[in-house]
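Structure assessment
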Amino acid sequence: MDNEISTQPHGMEDVEIQEWLESLDSVLESSGPEVAAEILERLRAHATVNGIDLPFSANTPYANTIPVRLQPLFPGDQELERRIKSLIRWNALAMVVRANRVEHNIGGHISTYASAATLYEVGFNHFFRARTEEFEGDTVYFQGHASPGIYARAFLEGRLSAQKLENFRRELKPGGGLSSYPHPWLMPDFWEFPTVSMGLSPLMAIYQARFNRYLEDRGLKSATDAKVWTFLGDGETDEPESLGAITLASREKLDNLIFVVNCNLQRLDGPVRGNGQIIQELESAFRGARWNVIKVLWGSEWDPIFERDTEGLLVKRMGELVDGEYQKLVVSSGAYVREHFFGSDPRLLKLVEPMSDESLRRLRLGGHDPRKVYAAYKAAVEHKGSPTVILARTIKGYGLGEAGEGKNVTHQQKKLNEDELREFRSRFGIPLNDEDCIEVPFYRPPEDSVEIQYLRARREALGGYVPKRSVRTKPLAADHDELFKEFHEGSDGREVSTTMAFVGMLRKMLKDPEIGKLVVPIVPDEARTFGMESLFRTAGIYSSVGQKYEPVDVNTLLYYKEAKDGQILEEGITEAGSMGSFIAAGSAYATHGINTIPFFIYYSMFGFQRIADFIWAAADMRTRGFMLGGTAGRTTLSGEGLQHQDGNSHVLALPVPNNKAYDPAFAYEIAVIIQDGIRRMYKEGENIFYYITVMNEPYAMPPMPGDVKGGILRGMYRFRHATNPKSKLRAQLFGSGAILNEVLRAQEILETKYSVAADVWSVTSYKELYSDGIETERWNRLHPGEKPRTPYVAKCLSDAPGVLVAASDYLKTLPNMISKWMPRRLASLGTDGFGRSEGRAALRDFFEVDSRFITLATLHELFADGKIERSVLDKAIKDLGINADKPNPVTS
Ligand SMILES: Cc1ncc(C[n+]2csc(CCOP(=O)(O)OP(=O)(O)O)c2C)c(N)n1
Ligand SMILES: [Mg+2]
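Computed from a predicted model, the values in this text were never measured in an experiment. (Residues numbered from 1 in each chain as written. Chains lettered and ligands numbered in written order. Predicted model: local features only at pLDDT ≥ 70, side-chain atom pairs only at ≥ 80, totals over all residues. Heavy atoms only, no water.)

Things to note about the sheet that holds strand 14 (residues 689-693)
An order of 10-7-11-12-14-13 is seen for the six strands of this open sheet, with the pairing classed as parallel. Each having just a single partner strand, strand 10 (569-570) and strand 13 (659-662) make up the two edges of the open sheet. By the bridge criterion, five bridges tie strand 11 (residues 597-603) to strand 12 (residues 626-630) in an arrangement that is parallel. Residue Tyr602 lies in a different strand from strand 12, and its bridge partner there is Gly629. Helix-sheet contacts for helix 26 (residues 608-620) involve strand 11, strand 12, strand 13 and strand 14, and the interaxial angle to strand 14 is about 155 degrees. Contacts from helix 28 (residues 667-683) reach strand 11, strand 12, strand 13 and strand 14, with the element oriented near 170 degrees to strand 14. (Pairing = 2+ DSSP bridges. Helix = DSSP H or I, 4+ residues; strand = E, 2+ residues; numbered from the N terminus. Contact = heavy atoms within 4.5 Å. Axes fitted to C-alpha atoms, helices over the stretch in contact; angles between N-to-C directions.)

Given below as structure tokens:
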């Protein structure tokens, strides 16, 4: 990174430079910084016009952004706050050390919080406002690895018991414990945002801040100055998601968003940029993205040295060092600092001549100085028009001394020996004697101590405690029967796809008096793909600035309408960002007390496969809503080929415990699933969310065949009985999604050509069937004395005769995983393998899931059971036009 500051350019006389600098100083003094900035801007323009090639740099010098003269007074009791912080440091360390004494290798992190303590404490004492009756509160994304510090504070606040702290990372112990990292699933009254998978929280926070604006612009909540604070590590910024959405934040002028990057220059293995400067790199990225960047690099002890340095030598020197050198320097002795840092220039040495080695050693970094941090936070909350990032320099493992301060191994440090513990105790003034301290007890001063009183008073002034998660929404009232009824009727022979059917439902939901305003449609640039463009006009696309242009298609019925109160979140091509919006909207019931219902519709292949970790975080966060995987199915999406055709997502949805995954075939199935989903999530308050695949193959939607709602929701129901149940040759065929039609065709072929009478089942969710099966097995295992329960699959098939054949547009593993609860052997057809650019018929032939292969599989099962002759099979292969030597789709 460049630090465009040099005091000796091209032989220019010092005195000449001095004159320029002095003139600037005098303008600054007489007319203020705005005028000075304008002059510099004019000079730059003038230079460009005159052919001076000024190199571009998004960097400012390696110095604090806020000069001393603009630094506000620190409003707190600094000494008291230091003592409180020291106690938190101690308890955070104690949690980790104790946990590892009890159970070797239980893990935990000391160094992250040790470096970030001041960054958090200034926030807790002066900035983070809690949610109250009158105010929505700030939201804070805590860096996952700093959790011991956040717990330790809650302990001092009296919110967590010593017993809980004792069981840090041992959550299953009697009385409960504390989860390693922020997990709302595990601690739903405490943590709001799961942050520990690096890179997710910066992106989620950006979309959270934008969603807050969306709620305001749409009149769903009143406008406030609440902030979204996000704490992240400097190493974490290497994750592409961390910086991937920062231009959205500036484009949307999200001045309700503040990033605090803890720049300790280290990650897990070593320095983040040993050979460079991570702070300068981040500054240029954020400034380039038009964020307000505040660097907090040097503590107050440096101020007088800067003041003495009239030639800018110090800033120049600071810009010269790479992070690897800094890492060493900040934990070295004063003599070393004098020799290796100031010693590069006799004039620099002179600047620190009056200072002792000890005072050189005590020169603090900005991120450890509450006054500097306070100044930065204050500037950030007061800043208007763009998001702010604070780049705060700290030392990883601050205060650990020999036990790991600034060392490359510090991230993993969780054990301190007796000397190291005593040293830490003394350094932070913890009132424990030599003997007691090696036991690393938790320490909380008495309730009436000044520390506890102060801490409580500060939190009271800020509205209460953070973090705290609470659910305050009222459940929805209506059952929405009327809304969904029309979709039970079928399409009267008209060919529609399940996507079209869903969009019809969405359109209707948007008009519903109760849920209409709560629906949040989210699309990553695929609305036209899914036939949703009619909603552009009717619901409008959300834009915080309305529409500043006349759209090119304004004369058409379905023009691209952007509006400040637009309802659709058209995110552009970012599934990750869309998921950020989904999470914000789907957790607004807790964050804002608003029951927004997100419908995130996207290309199914680019969901679970691409952004699975965000989905996992959504699940942890108890997000509610509907994800709709569009153009789904390996053979149903024709033409698009290997990267697009999705035969995976229903398998990838399996691990997410609270996700309900459905592969419906018909409009009424979708209607039943969505209606029940709204009931479960928004009326009953269940912490589940839905994944529903919808396809683009048009076919006539049948009416609902009787009351099959229960079966649809549980995962399967008999869609059609065999016409001749008395037949000698019997079969049960299972199909899902668009492949159900292939199964229905196979039923006909089997009946007319081979006298096989088959029932056809619609399997709406293999995942539901599987979950029910394993739960039933578990119950039976744990209750051997009671009447065994029967898995739903087994119940369905108890009186279903004949061979069993399943066909799915997804991997064969889906049907296979429920086969053990079936009464007999199951033959599974599925789409394992890479897709092809082809039409549906060719694809279904290639993957062997069309009606002919289903017919063949059924006949083969009958043959294996000795019910038909080999010759029938041989003839069928010929008659059905099946090439027995075709390539294997799984491996070709
Ligand atoms: C996605 C992801 N990859 C890897 C990790 C493992 N991990 C935990 S902490 C860490 C280093 C963190 O460095 P930094 O972001 O600089 O935070 P610091 O502790 O230095 O504040 C890593 C790699 C993780 N938590 N998430
Ligand atoms: Mg770091």
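So that's the structure; there's more coming.
What about the side chain of His480?
When you line up the elements, His480 lands in the loop between helix 20 (450-461) and helix 21 (481-485). You can call His480 buried: its relative accessible area is 7%. If sequence neighbours within four positions are ignored, His480 has contacts with Asp512, Glu514, Ile515, Gln675 and Ile678. (Buried < 20%, exposed > 50% of the residue type's maximum accessible area, 1.4 Å probe, protein only.)

Some words on the environment of Lys316
Along the chain, the position of Lys316 falls in helix 12 (residues 313-320). Given the relative accessible area of 27%, Lys316 is considered partly exposed. For the pair Lys316 and Pro61, spaced 255 residues apart in sequence, the C-alpha to C-alpha distance is 7.7 Å.

Description of helix 12
Since the α-helix advances by 3.6 residues per turn, residues separated by three or four positions end up pointing in the same direction. Among the eight residues in helix 12, six count as buried, and that is most of the element. All of the buried residues in helix 12 are Leu313, Leu314, Val315, Arg317, Met318 and Gly319. Looking at the buried residues of helix 12, the elements they touch are helix 11 (303-308), helix 13 (323-329), helix 14 (334-340) and helix 15 (346-351).

Overview of the site of ligand 1
The immediate surroundings of ligand 1 are formed by 18 residues, with Thr112, Asp234, Gly235, Gln266 and Lys396 found nearest. Thr112 has a polar side-chain atom sitting 2.6 Å from an oxygen atom of ligand 1. One of the backbone N or O atoms of Glu236 is found 2.8 Å from an oxygen atom in ligand 1. Alone, ligand 1 offers 590 Å² of accessible surface; in the complex the protein occludes 76% of this. Classifying every residue of the shell around ligand 1 gives three nonpolar, ten polar and five charged. (Near = heavy atom within 4 Å. Polar contact = N/O pair within 3.5 Å; in protein donor to acceptor, adjacent residues only side chain to side chain. Areas by Shrake-Rupley, 256 points an atom, 1.4 Å probe, with all protein chains shown as cover. Nonpolar A, V, L, I, M, F, W, Y, C, P; charged D, E, K, R; others polar.)

Focus on the coordination of the magnesium ion (ligand 2)
Coordination of the magnesium ion (ligand 2) by the protein involves Asp234 (OD), Asn264 (OD1) and Gln266 (O), with metal-donor separations of 2.0 to 2.1 Å. Between the donor residues of the magnesium ion (ligand 2), the gaps in sequence give the motif D-x29-N-x1-Q. Placement of the pair is Asp234 in the loop between strand 2 (228-233) and helix 8 (240-244) and Gln266 in the loop between strand 3 (257-263) and helix 10 (278-288), with a sequence separation of 32 residues. The exposure class assigned to Gln266 is buried, which follows from its relative accessible area of 3%. (Donors = N, O, S within 2.8 Å, 3.2 Å for Na, K, Ca; no water.)

Remarks on unusual backbone geometry
Of note, the amide linkage connecting Val466 to Pro467 takes the cis form, showing an omega dihedral of -5 degrees. With a phi angle near 70 degrees, Asn105 is a residue other than glycine that sits in the positive phi range. Structurally, Asn105 can be placed in the loop between helix 3 (78-102) and helix 4 (111-126). Classification of Asn105 by relative accessible area gives exposed; the value is 61%. Its identity is not glycine, yet Val440 carries a phi of approximately 45 degrees, on the positive side. When you line up the elements, Val440 lands in the loop between helix 19 (434-437) and helix 20.

Some points on the nonpolar core
Counting 198 residues, the largest nonpolar core has Ile206, Met509, Ile674 and Phe734 as its most contacted members. Ignoring anything within four residues of it in the chain, the contact list for Ile674 reads Phe484, Phe502, Met505, Met509, Phe599, Phe626 and Ile692. By size, the runner-up hydrophobic cluster in this structure holds 68 residues, among which are Ile88, Met95, Tyr113 and Cys437. (Core = buried A, V, L, I, M, F, W, Y, C linked by side-chain atoms within 4.5 Å.)

Quick notes on the packing of helix 1 (residues 14-31) against helix 2 (residues 33-49)
Remark: helix 1 packs on helix 2, axes separated minimally by 7 Å, with the N-to-C direction vectors making an angle of 140 degrees. Comparing the axis directions of helix 1 and helix 2 gives the class oblique. Between helix 1 and helix 2, the residues in contact are Trp20, Leu24, Val27, Leu28 and Ser31 and Pro33, Val35, Ala36, Ile39, Leu40 and Leu43, respectively. Of the residues contributing to the contact of helix 1 with helix 2, the split by class is ten nonpolar, one polar and no charged. (Parallel < 35°, antiparallel > 145°, perpendicular 65-115°, else oblique.)

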